[in-house]
Amino acid sequence: MSVRVRYAPSPTGLQHIGGVRTALFNYFFARSSGGTFILRIEDTDRERYDPRALQDIFDTFDWLGIQWDEGPRVGGPYGPYFQSERTALYREHAEKLVQAGQGYYCFCTPERLEKLREEQTKQKEPIGYDRRCRSLTQEEAERRKRGGEPYVVRLKIPLEGTTTFHDRLIGTVVHANKDINPDPVLLKSDGFPTYHLANVVDDHHMRITHILRAQEWIPSCPLHVLIYQAFGWEPPEYCHLPMVMGSDGHKLSKRHGSTSLIEFRNAGYVPEAIINYISLLGWSYDDSRQLFTKEDLEKLFTLDKLNKAPAVFDYKKLEWFNGVYIRERDKGKLKKELIPFLQRDGILSNPITEEEDRKLTACIPLIQERLKFLTDASQWVRFLFKDLPPYPAEALIPKKGSKEEARKSLEALLTTIDQWFEKDPQKSEEFLRTLSESLQIKLGNLLMPLRVAVTGSSVSPPLMESIQILGREETMKRIQRALQLLSE
RNA sequence: GUCUCCUUCGUCUAGUGGUUAGGACACAGGGUUUUCAUCCCUGCAACACGGGUUCGACUCCCGUAGGAGAUGCCA
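Residues numbered from 1 in each chain as written. Chains lettered and ligands numbered in written order. Predicted model: local features only at pLDDT ≥ 70, side-chain atom pairs only at ≥ 80, totals over all residues. Heavy atoms only, no water.

### What about the environment of Phe 264?
Tracing the sequence through the fold places Phe 264 in helix 8 (residues 261-266). Given a relative accessible area of 0%, Phe 264 falls into the buried group. Considering only alpha carbons, one finds Phe 264 and Phe 373, 109 residues apart in sequence, at a separation of 9.9 Å. Among residues more than four places away in sequence, those in contact with Phe 264 are Ile 17, Ser 258, Thr 259, Tyr 269, Ile 274, Phe 313, Tyr 315 and Leu 318. (Helix = DSSP H or I, 4+ residues; strand = E, 2+ residues; numbered from the N terminus. Buried < 20%, exposed > 50% of the residue type's maximum accessible area, 1.4 Å probe, protein only. Contact = heavy atoms within 4.5 Å.)

Next up, the structure:
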């Protein structure tokens, strides 16, 4: 039987690291085993539904380059792939359970349940439904239902015995039925199913063979198995993935920093880095390999190399991956990616001018290996496109140098500009070394004032190459201004 | 409270009875370099604890401790 797996997000919030990790593992498992990857939208919570969250799902996976074989936009033989369009199916199944005596109507109001919970908390009793409506006679229940009283459908959890499921990673897990959530709601009073019902019904009808999801679902797994059993269906194979934690050991969330993919994208992360790093959260290939492209993982991913223990999300390591992928990027592609960020920071016009485009192309090789994030580009290239912001005269003086030395350096450089400008780098450097010797100023100290004069900072891309891009006129102007600053 | 899961360097991990416990990130030091970065070298640092089983346990079993997750008409 060929593998069929799904990622089933709920459009109630932005796609985050944890969800995307689950999606990726499902996707890679499908690809590496020649199976099918399905996207199903679990939009059964009408209260929390957010259309922007739906769009975010599409945007996120488009950005990552992950495509599903069945689901929204592409369709498939087991659609529709929005649960909100399948409510008749769930209602029908819930009804079937009631008729079979596996479920029952419950008329308890949210207020009563609220009070019950309060009471249980106060008495330090286990919290859960007290199964009041379970003992209603069928006639009574039917009568109240027909009378228009709001109701939910609950599952009859066996009072005794145990429920067992097998997990590919964890092994066999046994729960005592008395410990399972007492008679969970399957169908809400608004006619929509809860996660438990919709999930099981769809996974069965969509012929899902493996369920890869986070370990936070383990506690509700026996409940799902019970639903399968109530319908007389065979449950799929389970594989509960280790959770992703923040640095404090708690489930990764907002307060740990950026968690939604859109944030990473806006912060200048590159999709290759995200995919590579996330894939190593709870999975590994061997004892040393770190670098994996999406294509690699589509071939190499295997459930056997999953880890059981939760993994702490390390922003530093992600950062490293980001640098790696920026460095090995095609220059043309990098340039295209950089433009929106540079426009956002007001460095390039929108649309970009020919002159800007020429300069940008020239400076990509200068900054590529210096970027950890796409957003870093602005600080490196601003001086090439914009006037220098004011800087103090002291900035022109090297740490182990004097004002006089700085002045001398700049004057010498200004008068000899034609001898080091527009020459090949080697000759230029040769000249500057000679100049530094004749002035008795160390090369570093000779060039630092120039660097600051031209770039406005003591940290910059390679100087001579930058100056080539800046142009002779502008360079001279900046040196003159620096000299003026020193004489004030 | 109850239930379930988990436990190797600070972090991600390799390891399936006999290893100087390996790699990566981070950190520290050094080299290359006109700054920064890249690159290279070196260092740092771990089997939670206690019992078994065994000639021999990081590896198997049982406890303890610690951590996490779940206990909704959210998923």
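### Points about helix 11 (residues 315-327)
Compared with an ideal rise of 1.5 Å per residue, which puts 13 residues at 18 Å, helix 11 spans 18 Å between its outermost C-alpha atoms and is within 8% of the ideal. Every buried residue of helix 11 is accounted for by Leu 318, Glu 319, Phe 321, Asn 322, Gly 323, Val 324, Tyr 325 and Ile 326. Tucked inside the fold, the buried residues of helix 11 contact helix 8, helix 9 (271-279) and helix 12 (331-344). Put simply, Asp 314 is the residue that caps the front of helix 11, since its side-chain oxygen is 3.0 Å from the backbone nitrogen of Lys 316. (Expected span 1.5 Å × (residues − 1). Polar contact = N/O pair within 3.5 Å; in protein donor to acceptor, adjacent residues only side chain to side chain.)

### Here's the deal with the packing of aromatic side chains
This model, assessed by the stated rule, comprises 25 aromatic pairs. Pairing Phe 264 with Tyr 269 gives two aromatic rings, centres 5.0 Å apart and planes at 80°, and the pair type is edge-to-face. There is no split in this pair, since Phe 264 and Tyr 269 are both buried. A centroid spacing of 6.1 Å and a plane angle of 50° characterise the contact between Tyr 277 and Phe 321, whose relative ring orientation is tilted. (Phe/Tyr/Trp six-rings, centres within 6.5 Å; stacked < 30°, edge-to-face > 60°.)

### What to know about unusual backbone geometry
Note that the residue after Gly 79, namely Pro 80, is joined by a cis bond; omega there is 0°. Mapped onto the fold, Pro 80 is located in the loop between helix 2 (51-64) and helix 3 (87-99). At the junction of Asn 350 and Pro 351, the peptide bond is cis and its omega measures out at 5° in the coordinates. The residue Asp 183 is not glycine, and still its phi comes out positive at about 50°. Along the chain, Asp 183 falls in the loop between strand 6 (171-176) and strand 7 (185-187). At Gln 440, a residue that is not glycine, the phi angle is positive and equals roughly 65°. Along the chain, the position of Gln 440 falls in the loop between helix 17 (425-439) and helix 18 (443-455). The class of Gln 440 is exposed, set by a relative accessible area of 70%.

### Things to note about the nonpolar core
Counting residues in each nonpolar core, the largest one holds 105 residues, and the members touching the most others are Trp 420 and Leu 450. A per-element tally of this core places helix 1 (residues 17-32) first, with 9 residues. Discounting chain neighbours no more than four positions away, the residues touching Leu 450 are Leu 410, Leu 413, Trp 420, Leu 463, Met 464, Ile 467 and Ile 479. Counting residues in hydrophobic clusters, the runner-up holds 35 residues, among them Val 98, Phe 165, Ile 211 and Ile 227. (Core = buried A, V, L, I, M, F, W, Y, C linked by side-chain atoms within 4.5 Å.)

### Regarding the sheet that holds strand 7
A sheet is described by the order of its strands in space; here 3 strands give the open sequence 3-4-7, paired in antiparallel fashion. Edge strands, defined here as strands with exactly one partner in the open sheet, are strand 3 (103-106) and strand 7. Pairwise comparison of adjacent strand axes, ignoring direction, gives a mean angle of 45° for this sheet. Packing against the sheet, helix 3 makes contact with strand 3, strand 4 (152-155) and strand 7, and its axis sits at approximately 105° to strand 3. (Pairing = 2+ DSSP bridges. Axes fitted to C-alpha atoms, helices over the stretch in contact; angles between N-to-C directions.)

### What about the layout of surface pockets?
The space that makes up the largest pocket amounts to roughly 1200 Å³. Lining the largest pocket are 39 residues; nearest its centre among them are Ala 8, Ser 10, His 16, Glu 216 and Trp 217. The set of elements that each furnish at least two residues to the lining of the largest pocket consists of strand 1 (4-7), helix 1, helix 6 (195-205) and strand 8 (210-214). In terms of residue class, the lining of the largest pocket is built from 14 nonpolar, 15 polar and 10 charged. (1 Å grid on protein atoms, 1.4 Å probe; cavity = no way out; pocket = protein on both sides within 12 Å on 5 of 7 lines; lining within 4 Å. Points joined across faces, edges and corners; volume = space filled by probe spheres on them. Nonpolar A, V, L, I, M, F, W, Y, C, P; charged D, E, K, R; others polar.)

### Notes on the protein's contact with RNA strand B
Around RNA strand B, the surrounding shell holds 67 residues, and the nearest of these are Lys 188, His 250, Gly 282, Glu 369 and Arg 370. Glu 42 has a polar side-chain atom sitting 3.1 Å from a sugar or linking oxygen of RNA strand B. Arg 451 has a polar side-chain atom sitting 2.8 Å from a base oxygen of RNA strand B. Those elements that place two or more of their residues in the surface near RNA strand B are helix 4 (110-122), strand 4, strand 6, strand 11 (311-312), helix 11, helix 17 and helix 18. Here the surface near RNA strand B is composed, by residue class, of 30 nonpolar, 15 polar and 22 charged. (Near = heavy atom within 4 Å.)

Such coordinate-based values are descriptive only and should not be taken to indicate function.
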